[in-house]
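Listed below, chain by chain, are the residues.
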Amino acid sequence: MLITLVETLKKVLKSKIFPMICVYTVLFSIICGRIFYLQIIKGEELEETTETAKKKEREIPSPRGNIYDCNGKLLASNVQTYAITIEDLGVVKESAELNKVIYDCIRIIEKNKNKLDLEFAITIDKRGRFRYTMPKTSIRRFKKDIFYKEAGTELTADEDEMKAKEVFMYLRDVNNEHKNTFRIGPEYTDEEALKIMTVRYAIIMNRYKKYVPITLSKNVNKKTIAAIKENSAALPGVDVVEELNRRYYSSEYFAHIIGYTGVISPDLLAQMQEDEQQDTTYTPTEQIGKTGIESTFEDVLRGKKGKETLIIDEASRVSEVRDRVDAVAGNDIYLSIDKDLQIAYYKILEKKIAGILVSKLNNGMDAGSKGESASNIRIPVYDVYNAIIQNNVVDINRFLSKDATSLERNIYRRFHSAKKRTDGKIKSELSYSNSRHGSQLSESLQEYIDYIYSLLLEREILTIGANDKSDATYVKYVNGKISLSKFLEYAISQNWINLEYLEIGNDYYSTEEIFKKLVKAIFEILNEDSNYDKQIYKNMIYDNDLSGREVCLLLYSQKVIKKKNSEMENLRSGSLSAYEFVKSKIRSLDITPGQLGLEPCSGSVVITDVNTGKIKAMVSYPSYDNNKFAGSVDSEYFARINSNKAAPLLNRSTQQKTAPGSTYKMLVASASLEEGIINPYSTVTDKTTFTNIHPSPKCWSTNSSHGTINVTQAIRDSCNYFFYEMGFRLGDGHGENVNNEKGLNKLKKYAKIYGLTEPSGVELAESDPTISDIDTVRSAIGQGTNSYTPVQLSRYVTTIANQGTCYDLTIIDKIESGKDKKVKKNKAVVYGKLPFADSTWSAITQGMRLVVKDGTIRSLFTGLPVDVAGKTGTAQESVFKPNHALFVSYAPYENPEISVTAVIANGYTSSNAAELASDVYKYYFDKKSRKRLLEQKVSAPQNSSGAVTD
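A few points on the structure. (Residues numbered from 1 in each chain as written. Predicted model: local features only at pLDDT ≥ 70, side-chain atom pairs only at ≥ 80, totals over all residues. Heavy atoms only, no water.)

### Description of the sheet that holds strand β1 (residues 54-60)
1) Next: Strand order in the open sheet made by the three strands is β1-β10-β11, with antiparallel pairing throughout. Of all the strands in the sheet, the pair left with one neighbour each is β1 and β11 (318-325). Here the strands of the sheet are splayed against their neighbours by 25 degrees on average, with no regard to which way each runs.
2) Next: Pairing between strand β10 (residues 306-312) and β11: five bridges, direction antiparallel. Across the sheet, Lys307 pairs through a bridge with Val325, a residue of β11. (Pairing = 2+ DSSP bridges. Helix = DSSP H or I, 4+ residues; strand = E, 2+ residues; numbered from the N terminus. Axes fitted to C-alpha atoms, helices over the stretch in contact; angles between N-to-C directions.)

### Looking at the pairing of strand β24 (residues 884-891)
1) Next: Extensive coverage of β24 is indicated by the burial of eight of its eight residues.
2) Next: Neither face of β24 is left uncovered, since the one carrying His884, Leu886, Val888 and Tyr890 and the one carrying Ala885, Phe887, Ser889 and Ala891 both have all their residues buried.
3) Next: Note: strand β23 (residues 869-875) against β24, seven bridges, orientation antiparallel. In the strand pairing of β24, Gly873 is matched with Leu886.
4) Next: As paired elements, β24 and strand β25 (residues 898-905) share seven bridges and run antiparallel to each other. (Buried < 20%, exposed > 50% of the residue type's maximum accessible area, 1.4 Å probe, protein only.)

### Things to note about helix α34 (residues 910-925)
In an α-helix there are 3.6 residues to a turn, and that puts residues three or four apart on one side.
1) Next: Spanning 16 residues, α34 covers 23 Å between terminal C-alpha atoms, matching the ideal 22 Å at 1.5 Å per step.
2) Next: Burial analysis of α34 places 15 of its 16 residues in the buried class, the great majority of the element. (Expected span 1.5 Å × (residues − 1).)

### Some details on empty space enclosed by the protein
1) Next: Using the criterion set out here, one finds four cavities of 30 Å³ or more in the structure.
2) Next: Its volume calculated, the largest cavity comes out at about 80 Å³.
3) Next: Taken together, Leu118, Glu119, Thr198, Tyr201, Ala202, Met205, Val263, Ile264, Ser265, Pro266, Leu269 and Pro284 make up the full set of residues lining the largest cavity.
4) Next: Where the lining of the largest cavity is concerned, the elements lending two or more residues are α7 (190-205) and α10 (266-274).
5) Next: Examining the composition of the lining of the largest cavity, we find that four residues originate from one element, α7, more than from any other.
6) Next: Class assignment for the residues of the lining of the largest cavity results in nine nonpolar, two polar and one charged. (1 Å grid on protein atoms, 1.4 Å probe; cavity = no way out; pocket = protein on both sides within 12 Å on 5 of 7 lines; lining within 4 Å. Points joined across faces, edges and corners; volume = space filled by probe spheres on them. Nonpolar A, V, L, I, M, F, W, Y, C, P; charged D, E, K, R; others polar.)

### What to know about the packing of aromatic side chains
1) Next: Throughout the structure, instances matching the rule amount to 40 aromatic pairs.
2) Next: Both rings, one in Phe690 and one in Tyr721, keep their centres 5.4 Å apart while their planes meet at 70 degrees; by these two values the pair is edge-to-face. Of the two residues, Phe690 is situated in the loop between β17 (684-685) and β18 (708-709) and Tyr721 in helix α29 (residues 720-730); the sequence distance between them amounts to 31 residues.
3) Next: Take Phe690: its relative accessible area is 0%, and that puts it in the buried class. (Phe/Tyr/Trp six-rings, centres within 6.5 Å; stacked < 30°, edge-to-face > 60°.)

The quantities given are spatial measurements derived from coordinates; they are silent on function.
See below:
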């Protein structure tokens, strides 16, 4: 009878008589002792249940695969933690009731010092203004979600133009005016309503998988767990669940390679749901690889979810589990990276950078040749004092805390007075119709004005379109010919000012009234802007209103360095100068280059097996702790790291591009030899100045000629003149004429052969290489617009070392199946074979060997157990910054095993990169020296004078 009734109901639901008999059908089903859950709207089939139970399918998460080094040492795994989840059990029917459950749950989470781990498209800033948190294309996708647009259906014009506040008010719907809104009552503040809205939106995004709980807060503490359990009766659908969270080991050394996982963003989830080719089993609060190997190999590491059918009784408890299909664990990945080498080279690199920094430190404000030449730039010690404040080595917000020291309180009082004076000066400059500008302002005041202008652009309060940049008044301002006040008045008249930000509606305001509102908004921003405060501290330091001694004592106050009473007293009394103090702390790495963010503060080392194309170490300095990002981001840590001028989040090995400098000369030699421009015995006489083009470039040796030399000797001496001539000939140069296009195309042809026109192949996010498109003569010495990452240069020198096999480099050794433990070995794909003549390889590699054996860096490589071949490169970026230091190399020369690419951004001279590479080889090939290398103190580089070496 029951089965017959079910079949009958199915037919009735599809018939026209359903409205008339639905009541009788339900009554009849109750009399028969059965209750049916008719999910008509979704079109789901009826399921037979018991009198008091219903079915629910539940996904079983799969454990993420582990990550190991090449020797099986663990780098990433899963650890058990607890999370707070919410699930639609069908118990809460009304919006008001659901909102209260969510609100009460969030209060418990935040009261116990955990946080809501969900993202949303709208935020409220400190001034109470509503802002979107994503780009316009993502906002449109978000709006399609909240307006329940079917695939292919576009937003209306009104929906598309809705501002953040309008969307917020629509979704909140206090007066219950719309369908499918959240109806969050007036008893909640806007901030509270936004949090409730964030959860409600996650529920919308999960509407096709109601049986899958949404994670509200991850990795919660015991107090939160206890409070949720105590209040469980009032929190239907809220639960404490066990889950696996990612744990990273030796994180500082591997963060750029491994990356981290995090909650999938609503934008990405929406994209995946729209794309039929994408995995649609992700939920709004699920973890996904965000960066590094975790991201690239998301599908490999993730595994396959299981599922089970739950039978739920009338008390909403699971009474039975049926049809269980177990989850399949993700696959384990074994990197080609050697953990011990990676850690050792990171430490060696940090010491080398610290040594350069110390060697360039000046006791005063003298910056050497800065602004005139990059050759002898110095670092004033005042820059170090300032960096301690600017780069958050000490926290200026602590100066106002309850436990602030007397020193901190004293410094803050003086800062407060300085800020009042500065505010007054700026207000005077931002008075209506003020015309003072440029040279009429002090240097520090002009810096504040420039900063305000950049803030207006950054906050999109001032919008300058591409066409507006040719406007005569705009040009006058950027050239310092008119004041900011005059320019802003003009900007208002041109509708370049965002009136919505100023909360100006349709009422009429004069230019002066809008200007005053704009100035008021500027000071509201400045009052909350820590970077503005830091600028004031900067001027206090350079004006000696805040002494270096006081800044150094702050390091003790905030426990940045360990307290040594005698040292601290010597510093306080003046018997130990602040200059000597900071030098000693950099030498001991109590203060690191990565903390200070002064140049140099970063670098990279890439070690590659030349016979397999597998990378054995890929160091990027400085780094960060990716555990602080796993699962949920530590916002305070992220803010500090993200504002660090040393950019710890940037993978220097794969993303920082520099001109290759003279390391490019082997490519030019290859092109010249293979194109028949020269043979290995052809000679060129170095005349120091290459007068065939104008302006005429000079050889690095300036007034000293390298004589008459062949290509091998030219590589040894890094003779610019010789390679200027090669660039000239490749462009069919005659007299004072050269075909730049032809020469550049020839260079590009060989760049492509060496793999320098594409990313290196390594399985990480990588910047695209830039091949020079100007000036064939200067491009031939690695200048022009040539620009490559260290890993791209590693591919290039690896190809030279093995004489012709260009690999797509890899950091993957093997993958082990999580299901059956089968192992899949990985091999680097061969990008191409270089069909060069043996004489070409011989000329190039002999030249590289002579660089190390007989060149200006020969003393750096004495005592090594192997012969090294290499090429230095010094690349100038600006006369305001030190040159970049590069060295590409391989060893042993006779039977190559590894290549080493060392790059120190703003490292002054290539000999510093070569000295770093020497220590890398020493550690690799001389195991007896390893302990000594890791224990040696920071010292100035051997070429501490910064003399040019190529």
